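Observations on the three-dimensional arrangement
These are the residues of each chain, in order.
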Amino acid sequence: MANSIKPQPGILDIALYVGGASHLDGVRNVLKLSSNENPLGPSDAAKEAVVRATHDLHRYPSTDHAALRTAIGDVWGVDPARIVCGVGSGDVLKLLAEAYAGPGDEIVFTEHGFSMYPIYANSVGATPVVVAENERVVDVDAVLAACTTKTKLVFIANPANPTGTMIGTAEVARLAEGLPSQAMLVLDGAYAEFVDGFDAGKALVESRDNVFMSRTFSKIYGLGGMRIGWGYGPQAVIDVLNRIRGPFNLSAAALAAAEAAVRDTEHTEKCRTENARWRDWLANALAKLGVPSDTSTANFILARFTDEAEASACDEHLREAGIIVRKVAGYGLPNCLRITVGDESACRRVAHAIAQFKGAA
Ligand SMILES: *Cc1c(COP(=O)(O)O)cnc(C)c1O
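Residues numbered from 1 in each chain as written. Predicted model: local features only at pLDDT ≥ 70, side-chain atom pairs only at ≥ 80, totals over all residues. Heavy atoms only, no water.

Helix and strand content of the chain: twelve helices and twelve strands. The C-alpha atoms of the chain give a radius of gyration of 21 Å, which matches the 21 Å a tight globule of 361 residues would have. Taking the principal axes of the C-alpha coordinates as reference, the chain spans close to 60 × 60 × 50 Å. Going through the 361 residues of the chain one by one, you find that 50% of them count as buried. Pairs at least 24 residues apart make up 74% of the contacts formed inside the chain by residues separated by at least 6 positions. Taken as a whole, the chain presents about 15900 Å² of accessible surface, with 52% of it coming from carbon and sulfur. The chain carries 34 positive and 42 negative side-chain charges, and their two centres are separated by 3 Å. (Helix = DSSP H or I, 4+ residues; strand = E, 2+ residues; numbered from the N terminus. Rg over C-alpha atoms; globule rule 2.2 N^0.38 Å. Buried < 20%, exposed > 50% of the residue type's maximum accessible area, 1.4 Å probe, protein only. Contact = heavy atoms within 4.5 Å. Areas by Shrake-Rupley, 256 points an atom, 1.4 Å probe, with all protein chains shown as cover. Lys, Arg positive; Asp, Glu negative; His and termini not counted. Charge placed at Lys NZ, Arg CZ, Asp CG, Glu CD.)

Okay, structure coming up:
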């Protein structure tokens, strides 16, 4: 007898997220520059905290994440009561979708926006609405024009992935100000720490009631494998998300690692400085080879080739050289490759391989 068991609307529309590859058949010494991971890894203090946490693995972790929220508050000058912690910032974004959108509602994001945004929309049965960008930069007027009475959430990564571009504080404020009253602006700050002195939307969260900011430990903190993120928003929104998140969503080891990592501001500063230095070096080296990129504000560059064929041929050449970068045709950027900024030797190795590809080495 055939059953009539069916998933909720939208779920079968989801195309599975494809992560950055990490190995190449038959190649040793693979250089992975496909997932925007920190080449310096996490703070030593974070690693030591994980080792210490192993002594208490039989204990359930904290449900309120108070120690981590206090540490984040101390370091970033935010109110710990208005922080929610998730299993990566992706978890926080998904909680927002679950709590605020459903069938008949719209979730707005831009054409080269993070590929998880349509997945969050479809997973709750909401309609994803894709807005054109202006030369790989978020177009605030176009986003505002796309909003309707059904718009519940607007997801904007600033800096954006995979373009690496940003919009300024005044533009973000104009976006928040212009949204319909039932819509919330979600500023995805996964790369915010790479921008020196950037508040990632903190002031806007504090001065308005329709802005939410998400942050992650996966990028500058080098803890992608531990799955920790956080959000900062209006108290009413935090209270809603806390009702639906798992009470033990973060493991004790993850909480300990994140707390130690955020407090090690010296390591964070070093990662920011090194990234900026080698990002600029890499962008210049590629530009000289005839491979331009927009000025990146994150820990990757979006290298632009003449067309899709050249981008694919370069990707193939890099693979033969044992280097994995990210093809971004799925982000509407078929002529581009996204290259994570590695350490000095990684940047030199990928620049050399691209020079070979261009016949310049
Ligand atoms: C990497 C990334 C995230 C972070 O995801 P986690 O779940 O925190 O690992 C979020 N948004 C964007 C745009 C990213 O590139």
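Take the domain arrangement of the chain next. You can read the domains of the chain as domain 1 (11-32 + 266-357) and domain 2 (44-264). The centre of domain 1, based on its C-alpha atoms, is set 25 Å off from the matching centre of domain 2. With 25 residues of domain 1 at the interface, the matching set in domain 2 holds 27 residues. Overall, the association of domain 1 and domain 2 removes approximately 2400 Å² of surface from exposure, summing both partners, and the carbon and sulfur fraction of that is 59%. Looking only at domain 1, the three residues that lose the most surface to domain 2 are Arg272, Thr297 and Tyr331, adding up to 28% of its buried area. Remark: the boundary between domain 1 and domain 2 carries two salt bridges. One salt bridge connects Asp294 with Arg136, and the closest N-O pair in it is separated by 2.6 Å. (Domains from an automatic or database assignment. Buried area = accessible area lost by both parts, 1.4 Å probe. Salt bridge = Lys/Arg side-chain N within 4 Å of Asp/Glu carboxyl O.)

The next thing to look at is the site of the ligand. Neighbouring the ligand are the residues Gly88, Ser89, Gly90, Phe114, Asn161, Asp188, Ala190, Tyr191, Thr216, Ser218, Lys219 and Arg227. For the ligand, an oxygen atom lies 3.0 Å from a polar atom in the backbone of Gly90. Thr216 places a polar side-chain atom, nitrogen or oxygen, 2.5 Å from an oxygen atom of the ligand. A molecule is said to occupy a pocket when more than half its atoms come within 2 Å of that pocket's grid points, and by this definition the ligand occupies the largest pocket. A class-by-class count of the residues in the shell around the ligand yields three nonpolar, six polar and three charged. (Near = heavy atom within 4 Å. Polar contact = N/O pair within 3.5 Å; in protein donor to acceptor, adjacent residues only side chain to side chain. 1 Å grid on protein atoms, 1.4 Å probe; cavity = no way out; pocket = protein on both sides within 12 Å on 5 of 7 lines; lining within 4 Å. Sits in = over half its atoms within 2 Å of the grid points. Nonpolar A, V, L, I, M, F, W, Y, C, P; charged D, E, K, R; others polar.)

Moving on, we get to the packing of aromatic side chains. Considering all chains together, one arrives at ten aromatic pairs under this definition. Both rings, one in Tyr17 and one in Phe114, keep their centres 6.3 Å apart while their planes meet at 70°; by these two values the pair is edge-to-face. Of this pair, Tyr17 sits in the segment before β1 (31-32) while Phe114 sits in the loop between β3 (106-110) and α4 (116-123); the two residues are 97 residues apart in sequence, bridging distant segments of the chain. Classification of Phe114 by relative accessible area gives buried; the value is 18%. Judged by centre distance (5.6 Å) and plane angle (80°), the ring pair of Phe114 and Tyr117 falls under edge-to-face. A single burial state applies to Phe114 and to Tyr117, both of which are buried. (Phe/Tyr/Trp six-rings, centres within 6.5 Å; stacked < 30°, edge-to-face > 60°.)

What the three strands build is an open sheet, ordered β9-β12-β11; its pairing is antiparallel. Looking along the sheet, the strands with just one partner apiece sit at the ends: β9 (300-304) and β11 (326-327). On top of the sheet, helix α11 (residues 308-320) reaches β11 and β12 (336-340); it is set at about 35° to β12, its chief contact. (Pairing = 2+ DSSP bridges. Axes fitted to C-alpha atoms, helices over the stretch in contact; angles between N-to-C directions.)

Within the span of helix α8 (residues 235-244), buried status applies to Val237, Ile238 and Leu241. The buried residues of α8 occupy an angular sector of 100° when projected down its axis, which confines them to one face. With respect to the buried face of α8, the exposed residues turned more than 90 degrees away are Ala236 and Arg243. Check the buried side of α8 and you find it contacts β2 (83-86), α3 (89-100), β6 (184-188), β7 (211-216) and β8 (229-232). (Arc of directions from axis to C-beta.)

On to the sheet that holds β2, then. Across the sheet, which stays open at both edges, the seven strands sit in the order β2-β8-β7-β6-β5-β3-β4 with mixed pairing between neighbours. The open sheet terminates on both sides in strands that have one partner only, identified here as β2 and β4 (127-131). Between one strand axis and the next, the sheet turns by 20° as a mean value, whatever way the strands run. In this sheet, β7 lies alongside β6 in parallel orientation, the contact comprising four bridges. Bridge pairing links Leu185 to Val211 in β7. Contacting β2, β3, β5 (151-157), β6, β7 and β8, α3 crosses the sheet at an angle of about 150° to β7.

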